[in-house]
Amino acid sequence: MDLDSPKYEDLTLDITSQNYLLPESINRMDQLKVLSITGRCNHPSKLHNLSSIACLPNLTTLRFEHVSVLSLQPIFALRNLKQLSFVMCEINDALMSITTYNMLLSLTHLEFDMCYDLKQLPSWLCNLAHLQKLSITNCHEIDVLPNGTGGLSNLESLSLHSCTKLQELPESIGSLRSLSYIDISDCLSIGVLPEEIGELCGLQVLKMNGCTGLQELPVSTSELSGLEEVICDEETSYLWMEFESDHPNLKINVVEDDRSETFMKIVQ
């Protein structure tokens, strides 16, 4: 592929070296809308010269996979970026070093998957006013979400699948009135759900199989008037029996709990 050509709208870069310098010519690809950067080495490839993408006016989707991102600052110059993904990336230090708050104003989808060094989420994430979908999955070092999570007023989907050290959801989650889908499946360390969860008037689907630490549901569960489906294991389904009269049309979808898979997540 000729990176000097400005006509491409979709570009995938497969990296086979441990250190990779992004070519300066990328900043001349004015029509580029989708950019995927994937490391093919045994260890995440270190990305250098990320500033070369900062001037891409039409870039809407950016995906990093199996790379080490040293700085995120250039990404925040992408005014039309809507979808941003990090899969199997070393990202924690770059995330926590950001202090700017007025950024990524068009972002609607944000994904972190299998980012094993991700220990916490920065507070600036709660200022992504247009974010509709937040997916943080298989990130085993995260134990808490920012208190300001309730500031994501347009959030419709929150997926926290297999964040095995996550201990609780923030009380501010009750402010997410647009939230229709929550996935806390295989969040093994969650012991209780906040009472504020009953304020989620738009919640339609709650996926919670594999929440082995959960012993009871909050009383406010009865107030989830819009809830249509709960996906859970057999043990958790018994907790919902207490609320049958409050949700006569609620569908409880029981899925089989894979004990061996749960054990592997505990020992990771």
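Described below are features of the structure shown in this document.

The rules behind the values
Residues numbered from 1 in each chain as written. Predicted model: local features only at pLDDT ≥ 70, side-chain atom pairs only at ≥ 80, totals over all residues. Heavy atoms only, no water. Phe/Tyr/Trp six-rings, centres within 6.5 Å; stacked < 30°, edge-to-face > 60°. Helix = DSSP H or I, 4+ residues; strand = E, 2+ residues; numbered from the N terminus. Buried < 20%, exposed > 50% of the residue type's maximum accessible area, 1.4 Å probe, protein only. Pairing = 2+ DSSP bridges. Axes fitted to C-alpha atoms, helices over the stretch in contact; angles between N-to-C directions.

## Quick word on the packing of aromatic side chains
Thinking step 1. Tallying each qualifying case throughout the model produces four aromatic pairs.
Thinking step 2. Centre to centre, the rings of Phe64 and Phe86 are 5.4 Å apart; their planes meet at 5°, and the pair counts as stacked. Taken as a pair, Phe64 in strand β5 (residues 61-65) and Phe86 in strand β7 (residues 83-87) lie far apart in primary sequence, 22 residues in all. The exposure classification of Phe64 matches that of Phe86, with both residues buried.

## Side note on the pairing of strand β8 (residues 109-113)
For a regular strand, side chains alternate in direction, first toward one face of the sheet and then toward the other.
Thinking step 1. Relative to β8, β7 runs parallel, the two being bridged by five bridges. Paired with Val87 across the strands is Asp113, a residue of β8.
Thinking step 2. Here β8 runs beside strand β9 (residues 133-137); their pairing, made up of five bridges, is parallel. Bridge pairing in β9 places Leu110 opposite Leu134.

## Thoughts on the sheet that holds strand β2 (residues 19-21)
Thinking step 1. Spatially, three strands are ordered β2-β4-β6 in an open sheet, and the strand pairing comes out parallel. Because the sheet does not close on itself, it has two edges, and the strands there are β2 and β6 (67-69). Going from strand to strand, the sheet's axes swing by 35° on average, the running direction of each strand aside.
Thinking step 2. In the sheet, strand β4 (residues 45-48) pairs with β6 via three bridges, with the strands oriented parallel. Within β6, the residue paired with Ser45 across the bridge is Val67.

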